[in-house]
Amino acid sequence: NAGVTQTPKFRVLKTGQSMTLLCAQDMNHEYMYWYRQDPGMGLRLIHYSVGEGTTAKGEVPDGYNVSRLKKQNFLLGLESAAPSQTSVYFCASSGTSGRVGELFFGEGSRLTVL
Amino acid sequence: AQSVAQPEDQVNVAEGNPLTVKCTYSVSGNPYLFWYVQYPNRGLQFLLKYITGDNLVKGSYGFEAEFNKSQTSFHLKKPSALVSDSALYFCAVRDMKGGYNKLIFGAGTRLAVHP
């Protein structure tokens, strides 16, 4: 029972490089989210998706792009990485009925931008 | 805008003693409130939630939380702390801005339970 899987788990980039974080969920959830976690700031929502083919901005979307081409996958892209994007990134998913508001999280992807 | 505040960066408790982790909220309308726990190098896990009904909500691992509308608080509690409860705890509120379900998290409180 995999739940939410993120790849890669660790990555080091140089300023200006690009990369993509992949999130996959096997729970048939409609909603998917990307958060970043920074010390003393908790989790901040970057982008989210309410269904295949849809995306929307969260609290801190600048410098990131996302795509949801398949229901089970949610990709987070950094086109030109900056040191301020050094963080731990978490993907989460949730259903639209029943367990309202309960998010299922992946184990995180630690990104360092030099 | 919806928000939650966790006034304590860290809470220290002796094993066997009761613990409280504080959370206050600011919302328009009826609040949907949540507690999540994060163990080292792991993702967040759902503990409990308040949507409506009884002000005392019971959740996983013996945790409970008390919703207090007049004080706009949703404190997490446990009668007897375990060393294994040591983790980072997040309070969250549901934000329906734009018509879709999102969670807004507090900054987190680190709970340290000492033997």
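Scope of this entry: the structure provided in the associated data block. On a predicted model such as this, the values are computed, not experimentally measured, just so you know.

Notes on the state of the cysteines
And then number 1: Tallying each qualifying case throughout the model produces two disulfides over all chains.
And then number 2: Across the disulfide from A:Cys23 sits A:Cys91; the S-S distance is 1.9 Å. With the S-S bond torsion at -75°, the cross-link from A:Cys23 to A:Cys91 turns out left-handed. On the criterion of sequence distance, the pair formed by A:Cys23 in strand E3 (residues 19-25) and A:Cys91 in strand E9 (residues 87-94) is long-range, its members being 68 residues apart. Exposure class is identical for A:Cys23 and A:Cys91. Each is buried.
And then number 3: Note on cysteine connectivity: B:Cys23 is disulfide-linked to B:Cys91, with sulfurs 2.0 Å apart. Its S-S torsion of approximately -65° makes the covalent link between B:Cys23 and B:Cys91 left-handed. Within this pair, whereas B:Cys23 is found in the loop between strand E3 (19-21) and strand E4 (24-26), its partner B:Cys91 is found in strand E10 (residues 87-95), the two being separated by 68 residues in sequence. Note on accessibility: B:Cys23 and B:Cys91 belong to one class, buried.

Here we look at the interface of chain A and chain B
And then number 1: Between chain A and chain B, the residue contacts involve 24 residues of the former and 23 residues of the latter.
And then number 2: Overall, the association of chain A and chain B removes approximately 1,800 Å² of surface from exposure, summing both partners, and the carbon and sulfur fraction of that is 57%.
And then number 3: If you sort the residues of chain A by the area they bury against chain B, A:Leu43, A:Val100 and A:Glu107 come out on top, with a joint share of 25%.
And then number 4: Across the pair B:Arg42 and A:Glu107 runs a salt bridge whose closest N-O atoms are separated by 2.8 Å.
And then number 5: Inspection of the region where chain A meets chain B yields five residue pairs in polar contact (both at pLDDT 80 or more).

With respect to the packing of aromatic side chains
Residues and elements named next belong to chain A.
And then number 1: According to the stated counting rule, one finds 16 aromatic pairs over all chains in the structure shown.
And then number 2: Taking 6.1 Å as the distance between ring centres and 45° as the angle between the ring planes, the aromatic pair formed by Tyr35 and Phe105 counts as tilted. Linking Tyr35 in strand E4 (residues 31-38) with Phe105 in strand E10 (residues 104-105), this pair joins segments that are 70 residues apart in sequence. Note on accessibility: Tyr35 and Phe105 belong to one class, buried.

Details of the sheet that holds strand E7 (residues 65-67) of chain A
Residues and elements named next belong to chain A.
And then number 1: Strand order across the open sheet formed by four strands is E1-E3-E8-E7, with antiparallel pairing between neighbours. The open sheet is flanked by strand E1 (4-7) and E7, the only strands paired with a single partner. When the angles between neighbouring strand axes are averaged without regard to direction, this sheet yields 20°.
And then number 2: The pairing of E3 with strand E8 (residues 73-78) spans six bridges and is classified as antiparallel. Each bridged residue has a counterpart across the sheet, and for Ala24 the counterpart in E8 is Asn73.

Quick word on the nonpolar core
Nonpolar side chains tend toward joint burial in soluble globular proteins.
Residues and elements named next belong to chain B.
And then number 1: In this structure, Trp35, Leu47, Leu48, Phe74, Leu76 and Tyr89 are the most contacted members of the largest nonpolar core, which totals 27 residues.
And then number 2: Only strand E2 (10-14), E3, strand E5 (33-38), strand E6 (44-50), strand E8 (64-68), strand E9 (73-78), E10 and strand E12 (109-114) provide two or more residues apiece to this core.
And then number 3: Of the residues forming this core, the biggest block, four residues, is contributed by E10.

Conventions used here
Residues numbered from 1 in each chain as written. Chains lettered and ligands numbered in written order. Predicted model: local features only at pLDDT ≥ 70, side-chain atom pairs only at ≥ 80, totals over all residues. Heavy atoms only, no water. Disulfide = S-S within 2.5 Å. Helix = DSSP H or I, 4+ residues; strand = E, 2+ residues; numbered from the N terminus. Buried < 20%, exposed > 50% of the residue type's maximum accessible area, 1.4 Å probe, protein only. Contact = heavy atoms within 4.5 Å. Buried area = accessible area lost by both parts, 1.4 Å probe. Salt bridge = Lys/Arg side-chain N within 4 Å of Asp/Glu carboxyl O. Polar contact = N/O pair within 3.5 Å; in protein donor to acceptor, adjacent residues only side chain to side chain. Phe/Tyr/Trp six-rings, centres within 6.5 Å; stacked < 30°, edge-to-face > 60°. Pairing = 2+ DSSP bridges. Axes fitted to C-alpha atoms, helices over the stretch in contact; angles between N-to-C directions. Core = buried A, V, L, I, M, F, W, Y, C linked by side-chain atoms within 4.5 Å.

That is the geometry; function is a separate question.
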